[in-house]
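Inside the fold
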Amino acid sequence: MILARAIDVSRRYGDTLALDGVSLDITAGQIVGVLGPNGAGKSTLISLLTGIRKPSSGRVELLGQDPRQPAGRRHLGVTPQETGLPATLRVAEVVDFVRAHYPDPLPQAELLGRFGLADLARRQTGGLSGGQKRRVAVALAFAGRPKIVFLDEPTTGLDIEARRSLWDGIREFHADGGTVVLTSHYLEEVEALARRAVVIGGGRVLADDTVDAVRGLVAVRRVSLTSPVPLPELDGLTATDREGDRWHLLSPDADRLVRDLVAAGVPFTDLEVRPASLEEAFLRLLEREVPCPA
Amino acid sequence: MSGLIRTHTRFQLLETSRTPIAIIGSAIWPAASMLAFVVPYAGDDPHFANATTASMLTFAVMSTNLFQYGVGVADDRVQPWDPYVRTLAAGALPRFAGRLLAGLALMAVALLPVVLISAFLTAASLSPARFLLAALAITFIAVPFILMGLAIGYSMPPKAAVVVAQVLFLPLAFGGGLMSAPGWAPGFVETVGPYLPTGGAVRLMWAAVGEAPIRPVSVVSLITWTAALAGVAWWAYRRDEGRRFS
């Protein structure tokens, strides 16, 4: 069963095209990781699927309905990217306010307990630490026993321990049949939770595959070296960057690159090989999608 | 649906009650003006006391609604909590109704001191029928000021909303003739007054408490203002939808 879907959806803000013909199906019981650089359109996609904004063209469906209609959001839980809680209200009051919107919400104590918030119930949200606020914001997504939750960078700003306990909460929800759409900056977070990963860049879906396949796509190595002479033509390079004598080369196959350098007799020194960051990997995917005239 | 309206009303009231100074603030000026100007100067004359109490009530209705909705809505719109609430299964109706009911409750709190001061410290007196009529008139005249507040709140950021509400507030009060009894304002105020929303409102209140005849021009002006402000508020709300962080 398809719980959420985007059909050829575009969204503009003035002259900026934030999403460009995106199609996506979210099937019941999946955990889908949405990856992409900043400004890729991840949050825009979520705001369309959760009814906050309207697509400029195309169609979105949530549980078979238009998410702009309140009835379409009865089984939806959301954690927005930016944590905003009414500062003067107590945690329990905010939880009760959100619970009141659902036909069969989790009991307050159970929800607070599940996310380790029981001790904070009487505290005003304005007095919580950033991490505590984030945990409350994530807990709210689960208050109404939703069928599907959208978590927009849920663990940003959390320490390792809080992140792991939140992952456990998400896994538990999934084990009970829940569906999760999760955006993240961290490949390891998507690896830890999801089987399916969708990579968004420049407002388009660049990849939609298993996490393993996407990891292969984004597994790029950065090879740095110092060479007094210009480098020869090398195969398999995805990007080259030069600062004086220092060269930074991106390649999916670092071993082969180094062998080629040696075979070409390049007198290099200070060789360094390390995994490229996710951002660098996304840029590579973007370039493959839209060839640069350079 | 009514359950959700209650939920949103309670939320608004809870939030306001956590900063009680906001409630006191909206109640203090009308009450203080009553004590400073009405009680010593007009308190002994029942007609004067009735009319100036009606003026002060209009003043309180205008100022609480202008600030509460103008600044309150503008403030809420820039909080990330607002787009989150829009993902909950509640449409515009419970949110608007909740805001409106909470606003009316707070307005009643702001008006109460004026009514009590008038009843106990002045010669003002109203028959039960007149009292009811005045209460109805207050509900009616609150509408254009609620709409004015919403128009401000949905069309500008909080800092601008505060300035605009403050800039509008005194000229509207003075120009409408709220600072005086019927026929006692400076000449140009008497001329301009009926065409301002405050002037139309206060003249309706004076008529409701039986201290002035109903004047068609001010009633028509009040209705026209209400319709125009509803148009602006609606336009601002539509324009605001989903664009706030673009």
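Residues numbered from 1 in each chain as written. Chains lettered and ligands numbered in written order. Predicted model: local features only at pLDDT ≥ 70, side-chain atom pairs only at ≥ 80, totals over all residues. Heavy atoms only, no water.

Note the threshold: UniProt positions are given in the numbering used here, feature names are shortened, and annotations may be inferred rather than shown by experiment.
Under an unreviewed UniProt entry, the name given to chain B is ABC-2 type transporter transmembrane domain-containing protein, and the source organism is Paractinoplanes ferrugineus. Quoted verbatim from the Subcellular location (unreviewed entry) heading of the UniProt record, the comment on chain B is "Membrane".

You'll find chain A entered in an unreviewed UniProt entry as Multidrug ABC transporter ATP-binding protein, with Paractinoplanes ferrugineus given as the organism. We quote the UniProt Subcellular location (unreviewed entry) comment for chain A here in full: "Cell membrane".

1. A word on the pairing of strand β6 (residues 148–152) of chain A
Residue and element names in this part refer to chain A. Inclusion rule: Accessible area is worked out with a 1.4 Å probe on protein chains only. A residue is then buried under 20% of its type maximum, exposed over 50%, and partly exposed in between. Only DSSP runs of H or I covering at least 4 residues are called helices, and only runs of E covering at least 2 are called strands; the numbering of each starts at the N terminus. For two strands to be treated as a pair, DSSP must find at least two bridges joining them. Look down the strands so they point away from you; if going from the first strand over the helix to the second traces a clockwise path, that crossover is right-handed.
Of all five residues making up β6, five are buried, and the element is well covered by its neighbours. Of the two faces of β6, both are covered, the one formed by I148, F150 and D152 as well as the one formed by V149 and L151. Bridge analysis of strand β5 (residues 76–79) against β6 gives four bridges, and the strand direction is parallel. Paired with L76 across the bridge in β6 is I148. Here five bridges tie β6 to strand β7 (residues 179–184), and the two strands are oriented parallel to one another. Bridge assignment links D152 to a residue of β7, and that residue is T183. Crossover handedness for the path β6 to helix α5 (residues 160–175) to β7: right-handed.

2. Looking at the nonpolar core
Our working definition: Throughout this description, the term nonpolar core refers to a set of buried Ala, Val, Leu, Ile, Met, Phe, Trp, Tyr and Cys residues connected via side-chain atoms within 4.5 Å. We call two residues in contact when some of their heavy atoms are within 4.5 Å.
Core analysis: the largest hydrophobic core is formed by 81 residues, its most contacted members being A:V98, A:L140, A:F142, A:I148, A:F150, A:I170 and B:W81. In terms of residue count, helix α2 (residues 91–99) of chain A provides more of this core than any other element does, six residues in total. Every residue in contact with A:L140, bar those within four places of it in the chain, is listed here: A:L85, A:V94, A:V95, A:V98, B:W81 and B:Y84. Listed in part, the 52 residues of the second largest apolar core include B:M34, B:A42, B:A142 and B:L150.

3. A closer look at helix α10 (residues 216–240) of chain B
Filter applied, for reference: For a helix, the expected span equals 1.5 Å multiplied by the residue count minus one.
Spanning 25 residues, α10(B) covers 36 Å between terminal C-alpha atoms, matching the ideal 36 Å at 1.5 Å per step. On its buried face, α10(B) is in contact with α3 (46–78), α5 (92–121), α6 (128–155) and α9 (197–208) of chain B.

4. Section: the pattern of salt bridges
For clarity, the cut-off: Here a salt bridge means any side-chain nitrogen of Lys or Arg lying within 4 Å of a carboxyl oxygen belonging to Asp or Glu.
Within this structure, the stated rule accounts for 13 salt bridges over all chains. A salt bridge links A:D208 to A:R196, with the shortest nitrogen-to-oxygen separation between them at 3.0 Å. In this pair, A:D208 sits in strand β9 (residues 204–210) while A:R196 sits in strand β8 (residues 196–201), placing the two residues 12 residues apart along the sequence. The exposure class assigned to A:R196 is buried, which follows from its relative accessible area of 14%. Among the salt bridges present, the one from B:D76 reaches B:R99, with a minimum N-O distance of 2.6 Å. Linking B:D76 in helix α3 with B:R99 in helix α5, this pair joins segments that are 23 residues apart in sequence. The exposure class of B:D76 is partly exposed, given its relative accessible area of 22%. Among the ionic contacts, a cluster of salt bridges with common partners joins A:E110, A:R114 and A:E172.

5. Some thoughts on the UniProt feature "transmembrane region" (unreviewed entry) in chain B
All names here are of chain B. Under the feature "transmembrane region" (unreviewed entry), the UniProt entry names residues 21–42, 48–67, 100–125, 131–154, 161–185 and 214–237. The distance separating the terminal C-alpha atoms of residues 131–154 is 34 Å; by composition the span is 100% helix and 0% strand. Taken as a whole, residues 214–237 contains 92% helix and 0% strand, while its terminal C-alpha atoms sit 34 Å from one another.

6. What about the packing of aromatic side chains?
Threshold: Between the rings of Phe, Tyr and Trp (Trp by its six-membered ring), a pair exists once the centres lie within 6.5 Å; its type follows the angle of the planes, with under 30 degrees stacked, over 60 edge-to-face, and the other angles tilted.
For the structure on display, the rule yields eight aromatic pairs over all chains. Summarising the aromatic geometry, the rings of B:F11 and B:W81 are spaced 6.1 Å apart at their centres and angled 15 degrees between planes, so their arrangement reads as stacked. With B:F11 in helix α1 (residues 2–17) and B:W81 in helix α4 (residues 81–85), the pair connects residues that are 70 residues apart, well separated along the chain. A network of ring pairs unites the aromatic residues A:F97, B:F11, B:W81 and B:Y84 as a single cluster.

7. Side note on the environment of B:L101
Residues and elements named next belong to chain B. Mapped onto the elements of the fold, L101 is located in helix α5. On the accessibility criterion, L101 (43% relative accessible area) is partly exposed. Sequence separation between L101 and I117 is 16 residues, and the spatial gap between their C-alpha atoms is 25 Å. The contact partners of L101, leaving out residues within four places of it in the chain, are I5 and T9.

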